[in-house]
Amino acid sequence: MEDFCQEILLTEEQIKKRIAEVAVDINRDYKGKKPLVIGVLTGAVVYCSDLIRVLDFPLELAFLKASSYGSDSVSSGKVVINSIGCDVKDKDVLIAEDIIDTGYTLKSLTEILYKEGAKSVKCAALLDKPERREVDVAADYCCFSIPDAFVIGYGLDYDGEYRSLPYVGILNPAYIKK
């Protein structure tokens, strides 16, 4: 383990196994449907890619950029969402989210998607930090609940680094810029 990683929380094998397990429920719930899967950039791109490969129904895929974090890696509570870039009217939407922290991003996305005419909106999250929740939201499908620590890897970054790690680890606090 590198010194920037204090502890490996989830190995690549654990992550892939759990995604396959969660996909069983998603496949059951979306049988006979053709949902629009929306990956939330940039953190969810790795997870979204692995998730859609274990889904056994036809789907559309889109990505959007959403963030509630400032430069200090603490949620600002204000969510910035770039255009979805596709029509969601009368579609079943499945949001692929890397992590639910305060809940502001998921709450805002869900409201916007319903406002734009989505028939249904569900969320499949890789990680959940329930201790950090500030608004009342929850993933419909969740791979892992994790402690309140700054995590990196498997698409998640700190200051643009560590996204390509094949595992999810806790960032060593010595690497956090003051």
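Check the entry above for the structure.
A quick note: this is a predicted structure, and the numbers were derived from the prediction, not measured.

Right, let's get into the nonpolar core. Ranked by internal contacts, the top residues of the largest apolar core, which has 29 residues, are Ile26, Tyr47 and Leu127. For this core, the secondary structure elements donating two or more residues are α1 (12–29), α2 (45–52), β5 (92–100), β6 (120–128), β7 (141–145) and β9 (168–171). Of all the elements, α1 adds the most residues to this core, at 5 residues. Leu127 has contacts with Leu10, Asp98, Ile99, Ile100, Cys142, Phe144, Ile146, Val151, Leu156 and Val168, leaving out every residue within four places of it along the chain.

Moving on to the pairing of β5. Within β5, 9 of the 9 residues are buried, which leaves the element mostly enclosed by the surrounding structure. Relative to β5, strand β2 (residues 36–41) runs parallel, the two sharing 4 bridges. Among the inter-strand pairings, Val37 is bridged to a residue of β5, identified as Leu94. By the bridge criterion, 8 bridges tie β5 to β6 in an arrangement that is parallel. Bridging from a neighbouring strand, Asp92 pairs with Ser120 of β6. Viewed along the sheet, the connection from β5 through helix α3 (residues 104–115) into β6 turns out right-handed.

Counted according to the given criterion, the structure contains 15 salt bridges. Asp92 is paired through a salt bridge with Lys119; the nearest N and O atoms lie 3.8 Å apart. Remark: Lys119 occurs in the loop between α3 and β6 and Asp92 occurs in strand β5; sequence separation between them is 27 residues. Among the salt bridges present, the one from Glu111 reaches Lys107, with a minimum N-O distance of 2.7 Å. Taken together, the positions of Glu111 and Lys107, both in helix α3 and 4 residues apart, correspond to about one turn of that helix. Lys107 sits in the partly exposed class, given a relative accessible area of 33%. Through salt bridges with shared partners, a single ionic network connects Glu12, Lys16, Asp50 and Arg53.

For β6, a buried count of 8 out of 9 residues is recorded, marking the element as mostly surrounded by other parts of the structure. Where β6 meets β7, 4 bridges bridge the pair, whose relative direction is parallel. Within the sheet, the bridge partner assigned to Ala125 lies in β7 and is Cys142.

Attention now moves to α2. Buried within α2 are the following residues: Tyr47, Cys48, Asp50 and Leu51. One side of α2 carries all its buried residues, which in axial view fall inside an arc of 165°.

That bond from Leu41 to Thr42 is cis: its omega, 0°, falls within 30 degrees of zero. When you line up the elements, Thr42 lands in the loop between β2 and α2. Non-glycine residue Asp90 carries a positive phi angle of around 65°. Positionally, Asp90 belongs in the loop between β4 (75–81) and β5. When its relative accessible area of 55% is taken as the criterion, Asp90 is described as exposed. For Tyr154, which is not glycine, the phi dihedral falls at a positive 50°. With respect to the element layout, Tyr154 can be found in the loop between β8 (151–152) and β9.

So, how was this worked out
Residues numbered from 1 in each chain as written. Predicted model: local features only at pLDDT ≥ 70, side-chain atom pairs only at ≥ 80, totals over all residues. Heavy atoms only, no water. Core = buried A, V, L, I, M, F, W, Y, C linked by side-chain atoms within 4.5 Å. Buried < 20%, exposed > 50% of the residue type's maximum accessible area, 1.4 Å probe, protein only. Helix = DSSP H or I, 4+ residues; strand = E, 2+ residues; numbered from the N terminus. Contact = heavy atoms within 4.5 Å. Pairing = 2+ DSSP bridges. Right-handed = clockwise from strand over helix to strand, strands pointing away. Salt bridge = Lys/Arg side-chain N within 4 Å of Asp/Glu carboxyl O. Arc of directions from axis to C-beta.

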